Structures are given as structure tokens and as C-alpha cells.
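Observations on chain architecture
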Amino acid sequence: MLRQYELVDLVKSYDPDADEDALNRAYVYAMKKHGAQLRTSGDPYYSHPVEVAGILTKFKLDSTSIIAGLLHDTVEDTDATIDEIRELFGPQVAQIVDGLTKLAMIELKSKDSKQAENFRKLLLAMSEDIRVLLIKLADRLHNMRTLHFCPPEKRARIARETLDIYAPLAERIGMQEIKTELEEIAFKELHKEAYESITARLNFLREQGSNLVPAIIKQLQKDMEEGGVKASVSGREKSPYSIWRKMQKKNASFEQLSDIMAFRIIVDDVASCYQALGIVHSKYHMVPRRFKDYISTPKPNGYKSIHTGVIGPENTRIEIQIRTQEMHEVNEKGVAAHWAYKQGEKVVGKNFRWIQELLEILEEASNPEEFLENTKLEMYNDQVFCFTPKGDLIGLPVNSTPVDFAYAVHSKVGNTCVGAKINGEIKPLRTVLQNGDQVEILTSKAQHPSPEWDRFVVTGKAKAAIRRYVRANKREQFVTLGEQMLERTFKGESLEFSEKGLIAVLPNFEAESVEDIYAKVGEGLVTAWDVLRAVYPSYKQSKLGKVVKSFKVRGFGKSEKKSKSEPLKIKGLIPGMAVHFAGCCHPLPGDRIVGIVTTGKGVAVHSIDCKALEKFASEPERWLDISWGEGAIEETHIGRLKVILANEPGALGDLSNMIARSDGNIANLNITNRTLSYFELIVDIEVKDLKHLTDIIAALRSSKVVSYVARANQ
Ligand code: MN
């Protein structure tokens, strides 16, 4: 284990300005906090964070990262708090440790390999500061190095997780070295036999004298010198894991794999890379389809190199990689290399396409610390990842709500969702989801998608499903209405109304079914009379009048209301205070009423179920408890009705007559909507009281021209 002064010396060796005091305090703090805790290896626990810090020094990371590495497990595993760490080590260290603690708490339970991809994205999205990720990887690397101390049943799970999540993550940010080591350890754990047989085979070949690596290195080095290219050549057998992967990918046996050796030619600059390539290709036969130029077209993670396969020295098939020293470091150390280069005042080029934005910050930042401080991972910040109760991860666009989540799980879940539990608590369906939230959707078979949802959902799937439902639902209403209107029209003319008759005229209306015709009539696209004329072409139109555009009916027009000049018989009013009937609900004697004290206009009388009363709910002092007094029935009041009337000749006259026969007087009449087949009206009628109005309603309902009548409350 690294001693305290050794760690500090290491950091100071590449960063002379490092905060020595803070490093010392962090070392002691971690040691004290973890106290007597032990690792499964029997080592004191604090050896783990110290080793993690040691790994981080290999990447020459800043002292903030080293300190956060020392403290990374204190909040999760000891009584240390983020506040304490902030106080002792500053906000940056605290923020990084906080990020690491959050990462430690989420866990992928699902075994589905597709889920691993989402989980990696979640880790990236949650690691706002790239140092969180670097420390997480160093943490995992040390845990893998000490994996053999773990109980066997835990080892496989950790190794699998490493292969599925952390090795690809390391590759994603270009940390080849960490990736390779993680893979090798995990491979050895998960596929012990394969590992052992490949290793044994490699050993056998070496003993057979077929370890040609040194000889080939020597020859390639000589080739470069003769060609006038300054280069350093290295070579190695490929790792057991990469051999195994190739065996799997090519479905080949070990013997069938010809290139188990890889050589690397490192040169000074890009021009020398192509010169070296020329030397290799002029001297050795190329293996077809093995040439790849990742210098002109780097891999998405920023990897740059030239790869080629040749029948090389000793007549052996080999793979050769050609690159500059700078490319090499970036390939091996990834994003950390950028920092190291910046530190040495050597700003590298745009090696990472996926972190173009980061590089811009890097180039504008005046010092390396500023680079790391300002570097927020921009990746996946347009997405959030949430868990199902079973531990599956669902990726959604940012600002998604539980309704989006429900539709992402399954349309059926979306259509029937009534509520959501987020991290165990019931939350409104419009709540915006956060990374790592666990979401449980509550469903009910009686629920339907609500048009309201359309206002807050963000995913296309949810929007489409809600709109589809609302459309279908509207159609249902049109179908019902259209059928009623047709039936009424036909029966009104004493004509038979049958589906058979309608089927015969489907083409006339470009309809595919009788329902289509109903829907068209209900929606007002086709009139009931159009349909009637189509079904009975010879029917005399004698009764069909023109569409009524203007009309005069007895009793129309504003009547003088005597009621206002006479004392009102209402109990509970304040003597001397003005009083009027609210226009919103038109209360009638017999209605339960309430008075509202208005500003400047006295008391307004509302019916108790008037919607306008909601506005005054928080002002009980303005409410007056009132009721109708004796004799009030001598007065006349305005009752307001909503009426839907068939658009037929004389229908309005019939309406007026019926009201008059019931001793009502039409005070006002407004047509609010008119189609070819029906009128929608608001009718104000002078009545004595509620019973009087109810009688009129009953009379109207018995008429065949009235298809709907009810009191209008607003
Ligand atoms: Mn740890």
C-alpha cells in the first residue's frame, strides 16, 4: 500500500503546485473514517481508497481528483457526510464524492444485456463531472484486482458487470489500458477453462521455439532504420481475452487463428506514420481486408492508429499498428491524456470526436484545473434513465413524465395509467422524471387516456397514443349522435329507418359502413336530410323548408323586468343593501341559493351549485346565508335553458308555442350553433319559480322537434 508521503510525492512529481496539505489531510481523514473496517482480503479498508488514489496518479490527475479518490467511499460506508467533506475539502471535492456516492447506490438488477447499454448511459449522464467517471473506473479496477478475495458467489456477478458495463465504459472514454485490464481479470473469472487453455497453448508455442516476437521486433526495427524512419517497435502476444473474442467472432479454433501477435510501430509525426506504412507494405505481402486507417477516420472514442495485416518476417501472419506517441497515449489513457497533455502545455488535437465540446473548453481553459472543473459530460444530457420496479432501465427524453414512462413500458400500461409512485411516493402524472428514479405505474382497467396528458407528455409514442384514443372516442360520440339524428328525421317523416336502406347508399357518402354515415351526420359533414333524400329519392320534399336564417317569434326580445323595482322576498339579506340575481346561474325560487357580497354592487344571488362560487371559496366572509321568502312566487325570474332543436320548418315556432302554453315568456333567445340538421340555442324564459321551469322542460322534452333540453348554468 502506498504510504502517505509516497502518494504526495507521486502527485507532486507531475504537479508541483498540488495542494500538499489537502492531500495529507484527505489521506488521514480516510484512514480515520474507515478506522478498523476490513476488506475481505483482511487488509484495512483504507488501503482500498489509497490504492484507488494511486491508480489515479498513473493518469496524472489533479489533486482534486486524488483527494476525491481517497474519500470516495467515506460517505457511503462511514459516518462522514457531504457537508463535512465540503467544509474540510471544498465544494468541488464534495460534489465529486457526492456523485460517486449516488453512483454507488444505483444498481442494475436486470440480466438483460440490452439493459447494460442503458446503464452505461445512465452512469455517463449521472457523472456530470468527468472526474466522477475516472474515479469510478479506478475504483472498479482496484476491486477487480482484489477480486480473488471475494466469496466465489459474488465474483461471477462482479466480473459479469465489469464486462457488460465498466470495460465498455472505459473504452467509450478511450481508457484502453483500464479496459484491457478489466477485461482480462473478468475473463479469467468467468471463463476459467477457456482462459487456462488459451494460456497453456500460448506457453506451449513459446516453448516450441515459435515465440517469434523478439525476432520480428528486431527485423521491423531494422526495416525502419533502412527506410530512414525514426521509430520504436514493440510487440506482444495478444491477450488471452482478445484471442478468445476473436475465436468467438470468427467461429474459429485457436490453430485457425493466424495472427496471435501484434506489433506496434511508434513514430514522431503523422507523416512518418504513412512513411512507415509504405516501408511495411513494400517489403511484406498485405493480407487483404486488414488495412484500416483510423488516423484519417478516427474511431468514435477518439482512437487513432493505422492497422495493417501482413505476412511479415519469419513468414508469419502478423498485425501491425502504426501511430505517433501522442496518439498512443491518447489511445491508452483516453480523456485523462488530454489533461496530462494540457498540463505539459502541449494541447493535443481533436482526437475525441465525441467530446468536441469538451475539447473546445480544454482549448479555451487557461489551465488544466479549469479544464476539469468546467468539463461537464455533455453526453446523454438530453436523456433520462429510470428504473422499472423489476430493475429494468428505460431511457426517455429529458422532461419525460410518468405517462411517457408508462407508454415506453407498453401501450396498454400507458392507456390505463391512473397514477405513479416515484421512488416509493405517489406523485402527480405530470411530474418530470429524474435520472435514476424508480417508477411504478398504477393502472386501472376503467382508465382511458386523457386529452389533458397531451399537454405534458414529450415522447412521440405517448402523444400518438393519446391522440389516437381521443380521435376514436370523438368518433364514437359522433356515431351515437348521428344515429339518433337520422332516426328522428326518418321517423319524423314516417319513413322506415333501417340499416339496409343505408347500406344501399354508402357510396353516395364515400362511406364504408353505416357507422361512417352516422359519424358524418353526427359531425355535421352530411345532413340527416341528405341521407333521407338518398335513401328515398322519390320522397316529396314538400315539407322541407329552406334553412331558417331569420325568424320572428312571439314573445321574443327583452321584456321589462318588474321584479327589479319591487322588493325581493329573500330572507337573510342585509337591510338597505342592493341585491341582484347573478347572470351566471339564474337562480329561481325553489333553488337553494347563497348571497355573495360584491364590491360596489351589493349582494349577488347565486344558486348553490353555481360554478362561479369557486372563486369565492377562500373568502367565507363574503358569503351570506339566504333563502327564498314567502310570496316570492309572485315575482317572475329568468330561467336559462340550453336547447337542441331539429332544423325543421316551424320548429322554432313550435318551441315558442310550447313555452307560451306553459305560461312562460321568452325573454331572450340566442342561437349558439347551427348546422343543416339542428340548432343549438340558449333560451331565457320568464318563470315564477323552479317548478315552473321544470314543467316547461318536461313539456319541451315530450316534443319531437326538441332533441335536447336542460338548464344552462353558465
Ligand atoms: Mn470503492
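Let me sum up the structure you'll find in this document. Being a predicted model, the structure only gives us computed values, none of them experimental.

1. Some details on helix α25 (residues 528-535)
- Within α25, six of the eight residues are buried, which leaves it mostly tucked inside the rest of the structure.
- Residues of α25 that are buried: A528, W529, V531, L532, A534 and V535.

2. Things to note about the coordination of the manganese ion
- Looking at the metal site, the manganese ion is ligated by H48 (NE2), H72 (NE2), D73 (OD) and D139 (OD), spaced 2.2 to 2.3 Å from it.
- Motif for the manganese ion, donor spacing along one chain: H-x23-H-D-x65-D. One end of the pair, H72, is in the loop between α4 (63-71) and α5 (74-77); the other, D139, is in helix α9 (residues 130-145), and 67 residues separate them in sequence. With respect to burial, H72 and D139 carry one shared label: buried.

3. Some thoughts on the sheet that holds strand β9 (residues 417-422)
- Here three strands make up an open sheet; going across it, the order is β10-β9-β11 and the pairing antiparallel. Here the strands that pair on one side only, and so sit at the sheet edges, are β10 (425-427) and β11 (439-443). For this sheet, the mean angle separating the axes of adjacent strands, direction not counted, is 35°.
- In the sheet, β9 pairs with β11 via five bridges, with the strands oriented antiparallel. When the bridges of β11 are listed, I422 appears paired with V439.

4. Concerning the nonpolar core
- Within the largest apolar cluster, 68 residues are counted, with the highest numbers of intra-cluster contacts made by L71 and I85.
- Beyond its immediate chain neighbours, meaning those up to four positions away, I85 contacts Y29, L71, T74, V75, G90, V93, A94 and V97.

5. Quick notes on the sheet that holds strand β16 (residues 623-624)
- If you trace the four strands from one edge of the open sheet to the other, you get β13-β15-β14-β16, paired in mixed fashion. Looking at the sheet topology across the chains shown, the edges are occupied by β13 (579-581) and β16.
- Here strand β14 (residues 593-597) pairs with strand β15 (residues 603-607) via five bridges, running antiparallel. Residue pairing in the sheet places G595 in a bridge with V605 of β15.

6. Focus: helix α24 (residues 514-523)
- The buried fraction of α24 is high, at seven of ten residues.
- Looking only at α24, the buried set comprises V514, D516, I517, Y518, A519, V521 and G522.

7. Here's the deal with unusual backbone geometry
- The backbone phi angle of K60 is positive, close to 55°, even though this residue is not glycine.
- In this structure, K60 sits in the loop between α3 (47-58) and α4.
- For N399, which is not glycine, the phi torsion reads 75° and is therefore positive.
- Judged by its relative accessible area of 45%, N399 is partly exposed.

8. As for the packing of aromatic side chains
- Throughout the structure, instances matching the rule amount to nine aromatic pairs.
- A ring pair is formed by Y29 and F89, whose centres lie 5.6 Å apart and whose planes are at 75°; its orientation type is edge-to-face. Here F89 lies in helix α6 (residues 82-89) and Y29 lies in helix α2 (residues 20-34), a separation of 60 residues in the sequence. An identical accessibility class is assigned to Y29 and F89; each is buried.
- Between Y294 and Y303, the aromatic rings sit 5.8 Å apart at their centres with planes inclined by 80°, giving edge-to-face as the arrangement.
- Given a relative accessible area of 18%, Y294 falls into the buried group.
- On the basis of relative accessibility, which here comes to 9%, the residue Y303 falls in the buried class.
- The rings of F187, Y195, Y241 and W244 are connected pair by pair, giving a single aromatic cluster.
- If you follow R39 out to its NZ or CZ, it ends over the ring of Y45, 5.8 Å from the centre.

9. Remarks on the layout of surface pockets
- By volume, the largest pocket is sized at about 1,200 Å³.
- Q176, K179, R236, S242 and Q321 are the residues nearest the centre of the largest pocket, which is lined by 37 residues in total.
- Elements represented by at least two residues in the lining of the largest pocket include exactly α3, α9, α11 (176-190), α14 (240-250) and β6 (317-324).
- No other element matches the eight residues that α11 contributes to the lining of the largest pocket.
- Here the lining of the largest pocket is composed, by residue class, of seven nonpolar, eight polar and 22 charged.

10. Structural notes on the packing of α3 against α9
- With their axes 9 Å apart at the nearest point, α3 and α9 run at an angle of 120° to one another. Put simply, α3 runs oblique to α9. Seen from above, α3 lies across α9 with right-handed handedness. Note on element contacts: α9 touches α3 through L134, I135, A138, D139, L141, H142, N143 and R145, opposite H48, E51, V52, I55 and L56.
- Residue classes in the contact of α3 with α9 are distributed as seven nonpolar, three polar and three charged.

11. A closer look at the pairing of β15
- Among the five residues that make up β15, five are buried, leaving the element largely enclosed by the rest of the structure.
- The alternating pattern of β15 places V603, V605 and S607 and A604 and H606 on opposite faces, both of which are buried.

12. Thoughts on the pattern of salt bridges
- A complete count under the given rule lists 25 salt bridges for this structure.
- Here K238 ties to E319 by a salt bridge, and the two come within 3.2 Å at their closest N and O atoms. Placement of K238 in the loop between β1 (231-237) and α14 and of E319 in strand β6 is noted, with a sequence separation of 81 residues between them. Residue K238 shares its accessibility class with E319, and that shared class is buried.
- Note that K427 and E425 form a salt bridge whose closest N and O atoms lie 4.0 Å from each other.
- Within the structure, one salt-bridge network assembled from shared partners comprises K33, D79 and E84.

Analysis parameters
Residues numbered from 1 in each chain as written. Predicted model: local features only at pLDDT ≥ 70, side-chain atom pairs only at ≥ 80, totals over all residues. Heavy atoms only, no water. Buried < 20%, exposed > 50% of the residue type's maximum accessible area, 1.4 Å probe, protein only. Helix = DSSP H or I, 4+ residues; strand = E, 2+ residues; numbered from the N terminus. Donors = N, O, S within 2.8 Å, 3.2 Å for Na, K, Ca; no water. Pairing = 2+ DSSP bridges. Axes fitted to C-alpha atoms, helices over the stretch in contact; angles between N-to-C directions. Core = buried A, V, L, I, M, F, W, Y, C linked by side-chain atoms within 4.5 Å. Contact = heavy atoms within 4.5 Å. Phe/Tyr/Trp six-rings, centres within 6.5 Å; stacked < 30°, edge-to-face > 60°. Lys NZ or Arg CZ within 6 Å of the ring centre and 35° of its normal. 1 Å grid on protein atoms, 1.4 Å probe; cavity = no way out; pocket = protein on both sides within 12 Å on 5 of 7 lines; lining within 4 Å. Points joined across faces, edges and corners; volume = space filled by probe spheres on them. Nonpolar A, V, L, I, M, F, W, Y, C, P; charged D, E, K, R; others polar. Parallel < 35°, antiparallel > 145°, perpendicular 65-115°, else oblique. Left-handed = near helix turned anticlockwise from the far one by under 90°. Salt bridge = Lys/Arg side-chain N within 4 Å of Asp/Glu carboxyl O.

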